[in-house]
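Working through the structure, step by step
Here's the letter readout for the chains.
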Amino acid sequence: MMEDEKRSTDRFRIKQLIGYYPNREEYLWAEGLNLSMGGIQCESKEPLDPLTNIYLMLGVPMEKGEHLVRCEGYVTYSRMEDDRCLFGVKFEEISEEDKPYLEQYIQSLDQRA
């Protein structure tokens, strides 16, 4: 079964800096590559193991400034490509306060990944 077949929500391309805490131990930065309501694909210099619990913060553009969306989930896959770690995160929890902001942001994106 191909990875794409497991997706239950559409993913959209992004190019955005994401703050994350693997196992809530240290604060790291990754580049977000694609996003859906179900998860995100990122690229980082730091390797991550599959099933690592992760806390993410994603700045969502607003009319005035941005809103910080907080998500929790786990790493579904991770692989090294050259000197970068490509990893996918499945969201398990998005705060009820933040969910509408993320939905609105995703609806504003137009390039499916």
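Everything discussed here concerns the structure shown above.
This write-up is about the structure you can find in this document. It should be emphasised that the depicted structure is a prediction, and the values quoted were computed from it without experimental measurement.

Attention shifts here to the environment of threonine 76. Tracing the chain through its elements places threonine 76 in strand E5 (residues 66-81). In sequence terms threonine 76 and asparagine 53 are 23 residues apart; their C-alpha atoms lie 9.8 Å from each other. Sequence-distant contacts of threonine 76, that is, excluding residues within four places in its chain, are made with Pro50, Gly88, Val89 and Lys90.

Time to look at the pattern of salt bridges. Taken as a whole, this structure holds five salt bridges when the rule is applied. The partner of lysine 15 in a salt bridge is glutamate 31, and the shortest N-O contact between them spans 3.0 Å. Here glutamate 31 lies in strand E2 (residues 28-35) and lysine 15 lies in strand E1 (residues 12-22), a separation of 16 residues in the sequence. Put simply, lysine 99 and glutamate 96 hold a salt bridge, and the shortest N to O gap is 3.4 Å.

Tyr20, Leu35, Ile40, Leu56, Phe87, Phe91 and Leu102 are the most contacted members of the largest nonpolar core, which has 26 residues in total. Counting residues per element, this core draws most heavily on strand E6 (residues 84-94), which supplies five residues. Beyond its immediate chain neighbours, meaning those up to four positions away, leucine 56 contacts Ile18, Gly19, Tyr20, Ile40, Val69, Arg70, Cys71, Val89 and Phe91.

Before going further, it helps to examine the pairing of strand E4 (residues 53-61). Burial analysis of E4 places seven of its nine residues in the buried class, the great majority of the element. Pairing between E1 and E4: four bridges, direction antiparallel. The residue of E4 that forms the bridge with tyrosine 20 is leucine 56. Alignment of E4 against E5, held across nine bridges, turns out to be antiparallel. The residue bridging proline 61 from the neighbouring strand is glutamate 66, located in E5. Taking the residues between adjacent antiparallel strands as the criterion, E4 and E5 are bridged by four residues, where glycine 65 takes a positive phi near 85°.

Calculation notes
Residues numbered from 1 in each chain as written. Predicted model: local features only at pLDDT ≥ 70, side-chain atom pairs only at ≥ 80, totals over all residues. Heavy atoms only, no water. Helix = DSSP H or I, 4+ residues; strand = E, 2+ residues; numbered from the N terminus. Contact = heavy atoms within 4.5 Å. Salt bridge = Lys/Arg side-chain N within 4 Å of Asp/Glu carboxyl O. Core = buried A, V, L, I, M, F, W, Y, C linked by side-chain atoms within 4.5 Å. Buried < 20%, exposed > 50% of the residue type's maximum accessible area, 1.4 Å probe, protein only. Pairing = 2+ DSSP bridges.

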